[in-house]
There are 2 protein chains.
Amino acid sequence: MSLDTLFRPTSIAVIGASRNREKIGNIIVRNLISTFRGKIYPVNKEADSIEGLTAYKSLNDIAGSVDLAIISVPRQGVIEVMEDAVKKGVKTAIVITSGFKEVGEEGAKIEEQLISIARKGNIRILGPNTMGLISPDYNGTFAYANVTRGEVALVVQSGGIGAYMLDWAQRTRTGISFLVSMGNQSDVKEYEVIDYLSRDPETRAIFVYLEGVSDGEKLLDTLPEVVQRKPVIFIKGGTTGKGAEAVKTHTGSLAGSYDVFKAAIRTGGGILVDDLSDFLNLTRLVTSSEPIKEDILVVTNSGGHGVLTSDAISRSNLNMIELPSRIKDDLLKILPQTSLPKNPLDLSGDAKRDRYNDALKIIQDLDCTKLVIVQSLPVVSCSEVAKVLLNFKGKGIIGVTMGIDEESALRILESASIPAFNFPESAVKAIKYLTSRPIPRKKIRVSQPINSAIELVKEKSELPDYDALKLMEIYGIRTPKWGIAQSEEDAEKVADNIGYPVVMKISTDKPVHKTELKGVIMNVEKENIKEVYKQLSQISKRVMIQQQLSGLEIFVGGIKDPAFGHAVVVGSGGIYVEVLKNVSYGIAPVYEDEALEMLKGSKVHDMLTARKRGYDEGSLIRTIVAVSRLLVDLNVKEMDINPLIVNEQGAFAVDVRVVLT
Amino acid sequence: MSLDTLFRPTSIAVIGASRNREKIGNIIVRNLISTFRGKIYPVNKEADSIEGLTAYKSLNDIAGSVDLAIISVPRQGVIEVMEDAVKKGVKTAIVITSGFKEVGEEGAKIEEQLISIARKGNIRILGPNTMGLISPDYNGTFAYANVTRGEVALVVQSGGIGAYMLDWAQRTRTGISFLVSMGNQSDVKEYEVIDYLSRDPETRAIFVYLEGVSDGEKLLDTLPEVVQRKPVIFIKGGTTGKGAEAVKTHTGSLAGSYDVFKAAIRTGGGILVDDLSDFLNLTRLVTSSEPIKEDILVVTNSGGHGVLTSDAISRSNLNMIELPSRIKDDLLKILPQTSLPKNPLDLSGDAKRDRYNDALKIIQDLDCTKLVIVQSLPVVSCSEVAKVLLNFKGKGIIGVTMGIDEESALRILESASIPAFNFPESAVKAIKYLTSRPIPRKKIRVSQPINSAIELVKEKSELPDYDALKLMEIYGIRTPKWGIAQSEEDAEKVADNIGYPVVMKISTDKPVHKTELKGVIMNVEKENIKEVYKQLSQISKRVMIQQQLSGLEIFVGGIKDPAFGHAVVVGSGGIYVEVLKNVSYGIAPVYEDEALEMLKGSKVHDMLTARKRGYDEGSLIRTIVAVSRLLVDLNVKEMDINPLIVNEQGAFAVDVRVVLT
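These figures come from a predicted structure and were not determined experimentally. Just so you know, the residues in each chain are numbered from 1, in the order the chain's sequence is written. Chains carry letters from A onward and ligands carry numbers from 1 onward, assigned in written order. Confidence filtering applies because this is a predicted model: local features only for residues at pLDDT of at least 70, side-chain atom pairs given and counted only at 80 or more, and all residues used for totals across whole chains, interfaces and linings. Hydrogens and water molecules were not included; the side-chain quantities draw on all heavy atoms of the structure.

Counting 102 residues, the largest nonpolar core has Ile-233, Leu-282 and Leu-371 of chain A together with Ile-233, Leu-282 and Leu-371 of chain B as its most contacted members. The contact rule is simple, with two residues in contact once any of their heavy atoms fall within 4.5 Å. Filtering out sequence-adjacent residues up to four positions away, Leu-282 of chain A remains in contact with Phe-207, Ile-233, Ile-271, Val-273, Ala-430, Tyr-433 and Leu-434 of chain A. Note on terminology: a nonpolar core comprises buried Ala, Val, Leu, Ile, Met, Phe, Trp, Tyr and Cys residues joined through side-chain atoms within 4.5 Å. When accessible area is computed with a 1.4 Å probe and restricted to protein chains, residues below 20% of their type maximum are described as buried, those above 50% as exposed, and intermediate ones as partly exposed.

Have a look at this one:
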């Protein structure tokens, strides 16, 4: 069912409309009066009229049809109102009322009841616990904000953040196309809203503040298409233990793993920023029409600012261009005698408006971002230079205004849609986010397990170690030569077959820390086999004997994330998994190129290729891909290969743990 | 010689004073007229009077004595002026003129000449290439800024950054006690200035922007005492390759190693920030009298803001306090029905002024920082809440104002000296910097080498590998059992003595990559000794045989930094030194507790103690301390032990390279 009646209704009823100007139910009516051209029906059991409009005792007293009901009655009245709405044939509802899932079990029950009534009556619901919705057609929120129409759509899972962003938009004259406060997302989910907004011709970018994800798999499915229409920028609240706790009592959602969230947004081609100021800074770039490149030329009138900006650019792995000699020659003519034209281009502390203009004329056609840092000095003000920059609009100009009149310079640039910042670091960070947008990838998860694998895992929740190794082999993942021994004689036979030296370890049905139990003996030669078997058999009669391999120890694992489903993990292995924490996540199934990106994202790629020792990275890539498919095929709950030994011959799964759902 | 006549002169001459109001030489005179109570003597070859003051043809035409000469003539006239100054008996000079060391060799020569004349005449010089100096007594710069007197001292090695900070101070009404633009630091150095300012009773904190360090060892020596008087906050320009390049042409200094710079500032007890906005944010905390703790209680009216702030606090490893139950009981009485008192304390979106006041009354005496985030919502404005906060001044209050009137709220708090920010992340970062100030340590470097060590290194610039091992042993650093063989028979004898298996490698007089030359064979047993010797002897007849040890491979090294002298380095060893980059630097000599901090600062401590395997961290600590002393004793240019194998028995230097100065 389309969300058109939510975003573009022709008639709106406000249930819980109030005459008291301090009440939410009154502010909503006033916001509608000043923005909405369709019919507005205030509903209030006692009033005859509200803010000059005829008021109705109930929804059913309204003669005309109602596209959208905005409900702002106390919690105990919500169910009755929803029943009325079903009778009336209302199409969509925004439930402002709070006190549901976010406050505990009792609230969660009422929320379920509410949704079930709405479903039966074919009513879509935004909320509950939402601040409402602003579209180009109406302001259905209780925010006072005087919203400027524009190109930025905001989707927020916190009314407070929504209100803040409206204030911010007003202060910085940023135009807003939509503001959708998601609330508890009991019916309408973030992925539907994002998809809808991406089709809106007035919207140029979508900014999303999420705490929990209500349907991660659908979001994964939608995002790759959405980002081809518009850039989508995410910020996540509840990324740490403490933040996640705060989320629970705030919107009642589970924060989930931030690592997997990051992988999911990257897979979908979204931009994920670190904090609110990055979020706001990025709007400046996204709403401008300046072509932004990762190749940068810095223009400044202060050496120190040039130094700090170059530092920031290097740290972000962006590129400082070299000036072509033709350009240098031209610049020499306009620079003071002792200045050398280079990048950063220091126009010198005595540069006035004209020198800026002359320099920009010379460099304007270079294919790069021109990051112009201007600070007000006795000879020039920020505003003067800002005006010069207007002449070069569309040439990849970004302004950084620093000094006494920086705010007015900022406004001059902003009103011409030239991005402007107060610190070079903010500009550089925003450029980095925008120019390193990941390629969107659509994940299609089809479970089609190999028959022998089905056989192996049938009716099991965990696999004994030897079956886990067999499962690897079924999926084409290599293992060191191995065998199981149940006696001393057995042991020697198996080991002879493998070749010396071997590793001997206890073989168990459930995963245990074999090393900590002293159940692993390395470097066993033929003459010691029996003795070692005897020793190990005191812990477990079943002993696994493996070919002893040397190489780099890698960790490859998989989990089923509650929000986004299966994800694969790779990092340094052995006992340093927890210590080094250089791990990368990928949403399953991953393809070979993604697996390579994961290796580069952790330090594993660098470790494999250090000093050209020819370790087989390709084999590791194939292993990651295979694990990601196995996860999906068998609906694995969690698994890890640790270590996977990678050397010149390939990648070999040594110890494997698999937990099935 | 004291810097009093520089900072507190009683008479000032301006050489190069001008009648043209656009010229530097005029602006300086006007700035002096409006700030300086002593005698001002403009010097100009042609003018009779400048800005109403009698002008003099030359310094020697002045009848009275001159404490300070501010020189702003073209470069070609500077030498003559300095000669005049010597004749006149001037005590100090500020040389504004630029075009010296920073533009190349020719400039550097004139600078040397200038300094040599000044030295002979007992004149101290600030500059050249400086923007000048502002003290509570006078404004001797060519910045127009109308400086508000206050408590923050600024020391900058870039006129542009200085000008920017003056503008910033004016905009944010931050009071300035001193601004010292260091210029090329040909005579007066940063350490002297910082030391002088730290003794000024009006100054509460010193902010230092440095590009290069002119005398690192003196800075190291001074800083530990200075930071006991005042916090000193550093920012460094030229921390990356590109930034460092920009530095060279800007102030002519060498940027040096940023890692060693960081270690030096930490050793001295300074605070080093990442970028300019951190620098400015920190002034808000440093100039307030609020007690700031790393234990934090967040108070907010928006759940989303509470979530994001908690995230930022967790990420910074600061501590969210638990509310005591007595406090919770009291809060329950004032919060809305569905709210639970916890941290972050969400006062709810309908909180007005009174609820803020009631809540703050309840929590005011808790021993923690109260981070109050207020965003303007329809029921409350930032400014209203800011006024409430004033009632709790001195209770550890920090305000974060977000929303429509955030700037005026900020001003309300700032004028009461309550620190205020626009983003929670900025507040949290500033708290982190301030609460994690390192303990200052004074380094006393006395070279007193052991006789046998002197003997060993005598007249050598590099050591053969066996002498390098001997040097370790002299310094109490353990080595695996080892010996040198020159023949097959020799080899077997040596190896028998060590015990099997052994490692055999070519022995060289100069450091080479033995592994890459295939000159290292591991796991050699008795039966293979001769064969392996034969093989290796094709590369080098001299072969080293070592006991084969297992354990964690660590890198311990040392360098002589051009600015700060000897520093010791520790990190992951083996072939991953360059890949993992988890290294820590320490200024030599380091003590045991510093060595432990270094291990914790890199990931080595976590690696050693992973899974309680009892690797001997103490022995590694002793090794680091020993290396740091060896560096100083023998004036080592660079050295590394890679790997140093650490296991349950101790730390053993396996391969050692030493380059002497």
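Having seen the model, we can carry on.
Buried within helix α13 (residues 353–363) of chain B we find Arg-355, Tyr-356, Asn-357, Ala-359, Leu-360, Ile-362 and Ile-363 of chain B. Helix numbers and strand numbers start at the N terminus; a helix is a DSSP run of H or I with at least 4 residues, a strand a run of E with at least 2. Packing partners of the buried residues in α13 of chain B comprise β15 (295–300), α12 (325–332), β18 (369–375), α14 (382–390) and β19 (397–402) of chain B.

Residue and element names in this part refer to chain A. Note that domain bounds follow an automatic or database assignment of domains. Each assigned domain of chain A is listed here: domain 1 (4–129), domain 2 (143–286), domain 3 (295–435), domain 4 (481–548) and domain 5 (552–660). Between domain 2 and domain 3, the contact holds 13 residues from the first and 13 residues from the second. Taken together, both faces of the contact between domain 2 and domain 3 bury some 1100 Å²; the carbon and sulfur share is 62%. It is Asn-281, Arg-284 and Leu-285 in domain 2 that bury the most area against domain 3; as a group they hold 50% of the surface buried on that side. Each salt bridge in this description consists of a side-chain nitrogen of Lys or Arg and a carboxyl oxygen of Asp or Glu lying within 4 Å of one another. Where domain 2 touches domain 3, the interface holds three salt bridges. Under the rule applied, a polar contact is a pair of N or O atoms within 3.5 Å (in protein, one hydrogen donor and one hydrogen acceptor; residues adjacent in sequence only if both atoms are side-chain atoms). At the boundary of domain 2 with domain 3, the tally comes to five residue pairs in polar contact (both at pLDDT 80 or more). Listed by contribution, the elements that provide at least two residues to the side of domain 2 that touches domain 3 are β14 (271–272) and α10 (276–286). Of all the elements, α10 adds the most residues to the side of domain 2 that touches domain 3, at six residues. Only Asp, Glu, Lys and Arg are considered charged in this grouping, and only Ala, Val, Leu, Ile, Met, Phe, Trp, Tyr, Cys and Pro are considered nonpolar; every other residue, Gly among them, is considered polar. Here the side of domain 2 that touches domain 3 is built from residues that sort into six nonpolar, two polar and five charged. Here the quantity called buried area is the accessible surface, traced with a 1.4 Å probe, that two parts lose on coming together, added over both.

All names here are of chain B. Two strands are counted as paired when DSSP detects at least two bridges linking them. Sheet architecture is open: five strands sit in the order β2-β1-β5-β6-β7, paired in parallel fashion. Only two strands of the sheet have a single neighbouring strand rather than two, namely β2 (39–43) and β7 (124–126). Across the sheet, the axes of successive neighbouring strands diverge by a mean angle of 20 degrees, strand direction being ignored. With four bridges joining them, strand β1 (residues 11–15) and strand β5 (residues 68–71) adopt parallel strand pairing. Residue pairing in the sheet places Ile-12 in a bridge with Leu-68 of β5. Every axis corresponds to a line fitted to the C-alpha atoms, with the helix fit spanning only the stretch in contact, and the corresponding angles, defined between N-to-C directions, vary from 0 to 180 degrees.

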